[in-house]
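Per-entry structural report
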Amino acid sequence: MRVIAFLGHLFVGVVLAVVASAQANLGEVVVAPKWLAWERGEPVSVGDDKAPKCTLYAFFTTPAHMPAFAGDADYLGDLQKRFGDRGLVVVAVVPTANPTAIERWAGCRVVVDADLAVTTAWFADGEWPWYVTVLDAAGRMTFVGEPDAGLVDAVDATL
């Protein structure tokens, strides 16, 4: 019985290690995204000489975070206005084309991650409580969290 329990724990540990290695971590360079379609705005480069100084990605790709898409538009759009001249680009990431309330994202960009490839690469299973991340020009993750958890400070520090 001890051997079976040990093997069970070992299996769980290996699975968790694989999941952890599949996600981006604070301070690390993210896997460059391969977006399927841009719904609003021009494509944004990550980690090259065309990349903005600071890119804020808000992922509304999971059932838990989809309802926040319309509600976060005003706040994140305000950040785009406030910090855009300094090099911020705000990108809303959605799971399907033509999301409801896209008109509320004026001044921001909206991209589709229908196959959740980027969501999975950056957040493992995508079911983490946080859904907002900030990247610097090198593609390094400088913030991961929620909009009301130090986001403005992270954007300011990244810029």
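The structure reproduced in this document is the subject of the present report.

So, how was this worked out
Residues numbered from 1 in each chain as written. Predicted model: local features only at pLDDT ≥ 70, side-chain atom pairs only at ≥ 80, totals over all residues. Heavy atoms only, no water. Salt bridge = Lys/Arg side-chain N within 4 Å of Asp/Glu carboxyl O. Helix = DSSP H or I, 4+ residues; strand = E, 2+ residues; numbered from the N terminus. Buried < 20%, exposed > 50% of the residue type's maximum accessible area, 1.4 Å probe, protein only. Pairing = 2+ DSSP bridges. Axes fitted to C-alpha atoms, helices over the stretch in contact; angles between N-to-C directions. Parallel < 35°, antiparallel > 145°, perpendicular 65-115°, else oblique. Left-handed = near helix turned anticlockwise from the far one by under 90°. Contact = heavy atoms within 4.5 Å. Polar contact = N/O pair within 3.5 Å; in protein donor to acceptor, adjacent residues only side chain to side chain.

Right, let's get into the pattern of salt bridges. Note on pairing: side chains with opposite charge can pair once their charged atoms come close. The full count for this structure, using the stated rule, is three salt bridges. Salt-bridge contacts for Arg104 lead to Asp74; the nearest nitrogen and oxygen are separated by 2.7 Å. Pair noted here: Arg104 is in the loop between β3 (88-94) and β4 (109-112) and Asp74 is in helix α2 (residues 68-83), with a separation of 30 residues, a long-range link. Exposure remark for Asp74: the relative accessible area of 48% places this residue in the partly exposed category.

Moving on to the sheet that holds β3. As summarised here, the arrangement of the six strands in space is β1-β4-β3-β2-β5-β6, forming an open sheet in which the pairing is mixed. Single-partner strands in this sheet number two, and they are β1 (37-40) and β6 (141-145). Strand-to-strand, the axes of this sheet are offset by a mean angle of 25 degrees, without reference to chain direction. In the sheet, β3 pairs with β4 via four bridges, with the strands oriented parallel. Counted as the bridge partner of Val91 is Arg109 from β4.

Running from N to C, α2 and helix α4 (residues 151-158) point in directions that differ by 25 degrees, and their axes come no closer than 12 Å. Between α2 and α4, the angle is such that the two are roughly parallel. When you trace α2 past α4, the crossing you get is right-handed. In this structure, α2 contributes Tyr75, Leu76, Leu79, Arg82 and Phe83 to the contact, and α4 contributes Leu151, Val152, Val155 and Asp156.

What follows concerns the side chain of Asp136. Residue placement: Asp136 occurs in strand β5 (residues 132-136). Here the side chain of Asp136 touches Ala138 through a polar contact of 3.0 Å, landing on its backbone nitrogen. Aside from chain neighbours lying at most four places away, what touches Asp136 is Pro52, Lys53, Thr142 and Thr158.

Position of Gly71 relative to the elements: it lies in helix α2. Spatially, the C-alpha atoms of Gly71 and Ala101 are 9.2 Å apart, while their sequence positions differ by 30 residues.

Trans peptide bonds make up most of the peptide bonds, and negative phi angles are found at most residues other than glycine. The backbone of Asn98 sits at a positive phi, close to 55 degrees, despite the residue not being glycine. Its place among the elements puts Asn98 in the loop between β3 and β4. For Leu116, which is not glycine, the phi torsion reads 60 degrees and is therefore positive. With respect to the helices, strands and loops of the structure, Leu116 is situated in the loop between β4 and α3 (117-123).

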